[in-house]
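Reading the structure
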Amino acid sequence: MLNRLLSLEILVLSLALFISACQPKPQVQRAFYHWQTNLSLSPTEQKSLQSLQVSRLYAKFFDVDWNEAQGQIVPLASIQIDTAGLQHLELIPVIYITNRTWDHVESEAKLETLAQRVIAKIDALTQPLGKPSLSEIQIDCDWTAGSRRVYFAFLEKLSNKLAQRKCRVSATIRLHQFKYPQRTGIPPVASGTLMLYNVGDLESWEEENSIFSKSAVEAYAPFPKYSLSLDVVLPAFSWGVLFREGEMIRLVNELRLEDLSGDARFEQIAPQRFRVQKSTYLNGHYLYQGDLLRIETCGYAELLAAARFAQKHLPVSGMHWVAIYHWHHRLKKVLSDDELEGVFAVF
């Protein structure tokens, strides 16, 4: 009798394992971030996004910052949207808010006003799209323990207002916030998006690549349990880090090695490092003779390493979206559709 019961238990367990193995893997959707003020997709870009089965675009709509001269919180760098080619994409507005903004939200009334103005600004910018029914709005802020209370109160107020429209609020999460939630707290939103980049010492000239390195992200693992479901965004961008008299003073976005190589204005003094030979303009920034530039890039190797790290260390079972930061007109010159497909396929 005992043997028959054991045989039955083994049969039931085997059947359960078989059914579990046959269940389809949860579908992870694909997305890109768009971080420029002009959103306009060429026919080639539209075709590429469709072939990659990208169904969502997280687009930075505007920044929010404190303006000292005006003595008030203001929106900056508002997006301009060309609606052509967006019919196959779900557009998610992303609002970047600086940390110093929260120093100037001293009352419940100001918190209420800020939430109302953010929503009104989004409504105005989506008018060219025929006022679509937005499913989500994302807030991007690198909050600290000091700004946490006011920032989280803002998120709660924004969520309550948007709930009437059946629109959820998500928030970006940095690696240090994910690793140490007891210090920074967990934002009161529907979900988070983990930014798997910007992990090195940006302000150190000796840093090799502050955007991403395998050793830097692996130092954060393993991760604690996190009560918020997380999506992930992976890095595919470059910048130049400008140093003057030993101090980092500015980022020059989307600057690549080939932009400086062979240019007499810049002397290469080490791998990925240049000295300005003659005062000049570069991408709208004025550089002085003697300034130093470090080029940091995330190409296919870094992007793939980030994807594999996320697949190995993050709770993929609760992940709904995998995004790449960010889509821009030069991306296809750096990464092919086959390479991008290979990254998405990791999940």
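All residue numbers refer to positions counted from 1 along the written sequence of the respective chain. It should be noted that, the model being predicted, local features are given only for residues of pLDDT at least 70 and side-chain atom pairs only at 80 or more, the latter also being counted only at that level, while totals for whole chains, interfaces and linings use all residues. Based on all heavy atoms of the structure, the side-chain values leave hydrogens and waters out of the count.

1. Here's the deal with the nonpolar core
As used here, the term nonpolar core means buried Ala, Val, Leu, Ile, Met, Phe, Trp, Tyr and Cys residues forming a set that is joined through side-chain atoms within 4.5 Å. Each residue is placed in one exposure class: buried if its accessible area under a 1.4 Å probe, protein chains only, is under 20% of its type's maximum, exposed if it is over 50%, and partly exposed if it falls in between. In this structure, Phe32, Phe61, Ile139, Phe154 and Leu234 are the most contacted members of the largest nonpolar core, which totals 99 residues. If one sorts the elements of this core by residue count, strand S3 (residues 54-67) sits on top with eight residues. Any two residues having at least one pair of non-hydrogen atoms within 4.5 Å are treated as being in contact. Setting aside chain neighbours within four positions, we find phenylalanine 154 in contact with Ile97, Trp102, Leu111, Leu114, Ala115, Val118 and Ile139. Among the nonpolar cores identified, the runner-up in size contains eleven residues, and Leu242, Phe266, Phe274 and Leu282 belong to it. Only DSSP runs of H or I reaching four residues or more are called helices, and only runs of E reaching two or more are called strands; each is numbered from the N terminus.

2. Observations regarding the pairing of strand S13 (residues 266-270)
Inspection of the sheet shows S13 paired to strand S14 (residues 273-276) by four bridges, in the antiparallel sense. Among the inter-strand pairings, phenylalanine 266 is bridged to a residue of S14, identified as valine 276. Only strands that DSSP links by at least two bridges are regarded as paired with each other. The hairpin formed by S13 and S14 contains two residues between the paired strands, and glutamine 272 there has a positive phi angle of roughly 70°.

3. Structural notes on the pairing of strand S11 (residues 238-244)
Burial analysis of S11 places six of its seven residues in the buried class, which makes it a mostly covered element. Where S11 and strand S17 (residues 292-297) come together, six bridges link them in antiparallel fashion. Bridging from a neighbouring strand, tryptophan 239 pairs with glutamate 296 of S17. In this sheet, strand S12 (residues 247-253) lies alongside S11 in antiparallel orientation, the contact comprising six bridges. Along S12, the bridge assignment pairs glycine 240 with valine 252. Turn length for the S11-S12 hairpin, with the two strands adjacent in sequence and antiparallel, is two residues, and the turn residue glutamate 245 shows positive phi of about 55°.

4. Some points on a negative patch on the surface
Exposure above 30% relative accessible area and the lack of any salt bridge qualify a residue for a patch; like charges then connect within 9 Å, and the nonpolar side chains Val, Leu, Ile, Met, Phe, Trp and Tyr within 5 Å. The Shrake-Rupley method, run with a 1.4 Å probe, gives the accessible areas here. Residue values count only the displayed protein chains as cover. Should a side-chain nitrogen of Lys or Arg be within 4 Å of a carboxyl oxygen of Asp or Glu, the pair is scored as a salt bridge. Positive charges come from Lys and Arg alone, negative charges from Asp and Glu alone, with His and the N- and C-terminal ends not counted. Charged side chains are reduced to one point each, which is NZ for Lys, CZ for Arg, CG for Asp and CD for Glu. Together, Asp201, Glu203, Glu245 and Glu247 give the surface a local cluster of negative charge. The topology assignment puts glutamate 247 in strand S12.

5. Description of the side chain of threonine 193
Within the secondary structure, threonine 193 sits in strand S9 (residues 191-195). Beyond its immediate chain neighbours, meaning those up to four positions away, threonine 193 contacts Tyr33, Gln138, Ala171, Thr172, Ile173, Leu230, Asp231, Val232 and Val233.

6. Details of the side chain of arginine 256
Relative to the helices and strands, arginine 256 is located in the loop between S12 and helix H8 (257-260). By the criterion applied in these results, polar contacts are pairs of N or O atoms within 3.5 Å in which, for protein atoms, one can donate a hydrogen and the other can accept it, and in which residues neighboring in sequence qualify only through two side-chain atoms. A distance of 2.7 Å separates the side chain of arginine 256 from the side chain of serine 238, its partner in a polar contact. The contact partners of arginine 256, leaving out residues within four places of it in the chain, are Phe237, Ser238, Ile295, Thr297, His328, Arg330 and Val334.

7. A closer look at the packing of helix H9 (residues 300-313) against helix H11 (residues 337-344)
Each axis is a line fitted through C-alpha atoms, taken for helices only over the stretch in contact, and angles between the N-to-C directions span 0 to 180 degrees. Closest axis-to-axis distance for the H9/H11 pair is 9 Å, and the angle between their directions is 15°. One finds that H9 runs roughly parallel with respect to H11. Handedness of the H9/H11 crossing: right-handed. In this structure, H9 uses Tyr300, Leu303, Leu304 and Ala307 to contact H11, whose residues at the interface are Glu339, Leu340, Gly342 and Val343. Residues of the contact of H9 with H11, tallied by class, amount to six nonpolar, one polar and one charged. For classification purposes, angles smaller than 35 degrees are called roughly parallel, those larger than 145 roughly antiparallel, those between 65 and 115 roughly perpendicular, and all remaining angles oblique. Each crossing is labelled by how the near helix is turned from the far one, with a counterclockwise turn of less than a right angle marking it left-handed and a clockwise turn marking it right-handed. Each residue receives one of three labels: charged for Asp, Glu, Lys and Arg, nonpolar for Ala, Val, Leu, Ile, Met, Phe, Trp, Tyr, Cys and Pro, and polar for the others, Gly being one of them.

8. Some points on the packing of aromatic side chains
Centres within 6.5 Å make a pair out of two Phe, Tyr or Trp rings, where for Trp the six-membered ring is used; the pair is then stacked when the planes are under 30 degrees apart, edge-to-face when over 60, and tilted otherwise. For the structure on display, the rule yields 21 aromatic pairs. Consider the rings of tyrosine 151 and phenylalanine 152, whose centres lie 5.9 Å apart with planes at 50°: the pair is tilted. In terms of burial, tyrosine 151 and phenylalanine 152 fall into one category: buried. Judged by centre distance (5.3 Å) and plane angle (70°), the rings of phenylalanine 237 and tryptophan 239 are edge-to-face.

9. Remarks on the confidence of the model for the protein chain
pLDDT expresses, on a scale from 0 to 100, how confident the predictor is about each individual residue. On average, residues of the protein chain score 92 in pLDDT, and 93% of them are at 70 or above. Confidence drops under pLDDT 50 across residues 8-26; counting only partners more than four residues distant or on other chains, this segment forms one contact.

10. Digging into the pattern of salt bridges
Under the counting rule described, the total for this entry stands at 21 salt bridges. One salt bridge in this structure joins arginine 56 and glutamate 90, with 3.0 Å as the shortest N-O distance. Taken together, the positions of arginine 56 in strand S3 and glutamate 90 in strand S6 (residues 90-97) put the pair 34 residues apart, joining distant regions of the chain. The closest approach of N and O atoms between aspartate 63 and lysine 60, which form a salt bridge, is 3.0 Å. Classification of lysine 60 by relative accessible area gives buried; the value is 7%.

11. Considering the sheet that holds S11
Reading across the sheet, the five strands line up as S12-S11-S17-S14-S13 and stay open at both edges, with antiparallel pairing between neighbours. Pairing within the sheet leaves two strands with one partner each, and these edge strands are S12 and S13. The average angle at which neighbouring strand axes cross in this sheet is 30°, direction not considered.

12. Topic: helix H4 (residues 148-163)
What a helix should span is 1.5 Å times the count of its residues minus one. Taking 1.5 Å of rise per residue, 16 residues should cover 22 Å, and H4 covers 22 Å from first to last C-alpha, within 8% of that figure. Those residues of H4 that sit buried are Val150, Tyr151, Phe152, Phe154, Leu155, Lys157, Leu158, Ser159, Lys161 and Leu162. Buried residues along H4 sit against S6, helix H3 (108-125), strand S7 (136-140), strand S8 (168-174) and helix H6 (181-184).

13. Considering the environment of threonine 172
Within the secondary structure, threonine 172 sits in strand S8. Sequence separation of threonine 172 and glutamate 341 is 169 residues, and the distance between their C-alpha atoms is 24 Å. Of note is the side chain of threonine 172, whose polar atom sits 2.6 Å from the side chain of aspartate 140. A polar atom in the side chain of threonine 172 sits 3.0 Å from the side chain of arginine 174.

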